[in-house]
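One-letter residues, chain by chain:
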Amino acid sequence: MFANLSFLNQELPTAAQVDVFGPFKIPIYFEAESTCRSEEWAWHAMAAANASGVNLLNYRHVMFVLPASEHIQRRICKWNGLGNMGCGFMCKTWITNCDQLGVYVHELGHNVGFRHANVNWDFKGPVVEYGDPTAIMGNKWFSNTNVFYFNAAHRIQAGWIPQHKTLQVAQS
C-alpha cells in the first residue's frame, strides 16, 4: 500500500519482513496515569525488550502499540496515534487505536516528515488542521473504506513527484 501511495518510491516491508516483539509488561498502570508520557512508556518498553534480548536500537522504525484503553485514548493522551516528525536515528510511533489501518499510515506519514493536511477554505477564516478530507494526513484516516492517499503537496515534499512533472501557478 505505501508503495502505491509514494508512486513506488518508498516501500514498507511486508508482514513477513516485519519483526514483532512483545507484548512487554512495563511498570506502568495505565488506568492510574494522569499525564500522557509516551516517551517514558517507550523507554520502559525498550528496556523490557532489551531485557528479553531484543535490541530495538538496531531498528530505525519502532512502533509502540499501547493496550486498548479508553482511559489512554480519551482522558490522558487524547489521540489515536502519535508519530515523530521526521526521524533522527530512530522514528517512533505510538498507536492506541490498533484496529484502524489509517492511524498507522497517518503516523508513518509523520515519520516521513509530513505535517497535517490543513485547509483554509476561504483564505480569510481559521486554518482547519485536519481539514483536507481527501488526504490521509487530513481527516481521511477516519474513513472505514481503507482507501488512503497522501495529497500532492506531501508527495512533492517527499520527492515522489518529480519537479519537472509539477506546474507552478502564479495567479488564478
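About the criteria used
- Residues numbered from 1 in each chain as written.
- Predicted model: local features only at pLDDT ≥ 70, side-chain atom pairs only at ≥ 80, totals over all residues.
- Heavy atoms only, no water.
- Helix = DSSP H or I, 4+ residues; strand = E, 2+ residues; numbered from the N terminus.
- Buried < 20%, exposed > 50% of the residue type's maximum accessible area, 1.4 Å probe, protein only.
- Areas by Shrake-Rupley, 256 points an atom, 1.4 Å probe, with all protein chains shown as cover.
- Contact = heavy atoms within 4.5 Å.
- Expected span 1.5 Å × (residues − 1).
- pLDDT = per-residue confidence, 0-100.
- Phe/Tyr/Trp six-rings, centres within 6.5 Å; stacked < 30°, edge-to-face > 60°.
- Pairing = 2+ DSSP bridges.
- Axes fitted to C-alpha atoms, helices over the stretch in contact; angles between N-to-C directions.

### Things to note about the overall build of the protein
Counting its regular elements, the protein contains 5 helices and 3 strands. Reading the protein from its N terminus to its C terminus gives the helix and strand order α-α-β-α-β-β-α-α. Going through the 172 residues of the protein one by one, you find that 41% of them count as buried. In the structure as shown, the protein presents an accessible area of about 10,900 Å², 54% of it carried by carbon and sulfur atoms.

### Some points on the side chain of serine 38
Here serine 38 lies in helix α2 (residues 38–51). Overall, serine 38 belongs to the buried group, its relative accessible area being 10%. Those residues within four positions of serine 38 in sequence are excluded, and the remaining contacts are Trp79, Leu82 and Trp94.

### Some details on unusual backbone geometry
The peptide bond linking glycine 22 to proline 23 adopts the cis configuration, its omega dihedral lying at 10 degrees. Tracing the chain through its elements places proline 23 in the loop between α1 (2–5) and α2. In this structure, lysine 78 takes a positive phi of about 60 degrees despite not being glycine. With respect to the helices and strands, lysine 78 occurs in the loop between α3 (70–76) and β2 (81–83). Lysine 78 sits in the exposed class, given a relative accessible area of 62%.

### As for α2
Its 14 residues give α2 an end-to-end C-alpha distance of 20 Å, which sits within 8% of 20 Å, the value for a rise of 1.5 Å per residue. Here α2 has its buried residues at Ser38, Trp41, Ala42, His44, Ala45, Met46, Ala48 and Ala49. For α2, the secondary structure elements touched by its buried residues are β1 (61–65), α3, β2 and β3 (91–95). Just downstream of α2 lies glycine 53, where phi reads positive at about 95 degrees.

### With respect to the confidence of the model for the protein
Here the protein shows a mean pLDDT of 80. Residues at 70 or above account for 84%. Looking across the protein, the model is least confident in α1, with a mean pLDDT of 61, and most confident in α2, with 92.

### Quick word on the packing of aromatic side chains
Taken as a whole and judged by the stated rule, the model has 5 aromatic pairs. With 5.6 Å between their ring centres and 80 degrees between their planes, phenylalanine 114 and tryptophan 160 make a pair best called edge-to-face. With phenylalanine 114 in the loop between α4 (101–112) and α5 (152–157) and tryptophan 160 in the segment after α5, the pair connects residues that are 46 residues apart, well separated along the chain. Here phenylalanine 114 matches tryptophan 160 in class, with each residue buried. Each ring, one from phenylalanine 150 and one from tryptophan 160, has its centre 5.8 Å from the other, and the planes form 55 degrees; the classification is tilted. Of this pair, phenylalanine 150 sits in the loop between α4 and α5 while tryptophan 160 sits in the segment after α5, and the two are 10 residues apart along the sequence.

### Notes on the sheet that holds β3
The strands making up a sheet associate through hydrogen bonds between their backbones, and the pairing can be parallel or antiparallel. With mixed pairing, the 3 strands of this open sheet are ordered in space as β1-β3-β2. The sheet is open, and its two edges are formed by β1 and β2, each paired on a single side. Neighbour-to-neighbour, the strand axes of this sheet turn through a mean angle of 10 degrees, independent of strand direction. The pairing of β2 with β3 spans 3 bridges and is antiparallel. Counted as the bridge partner of glycine 83 is threonine 93 from β3.

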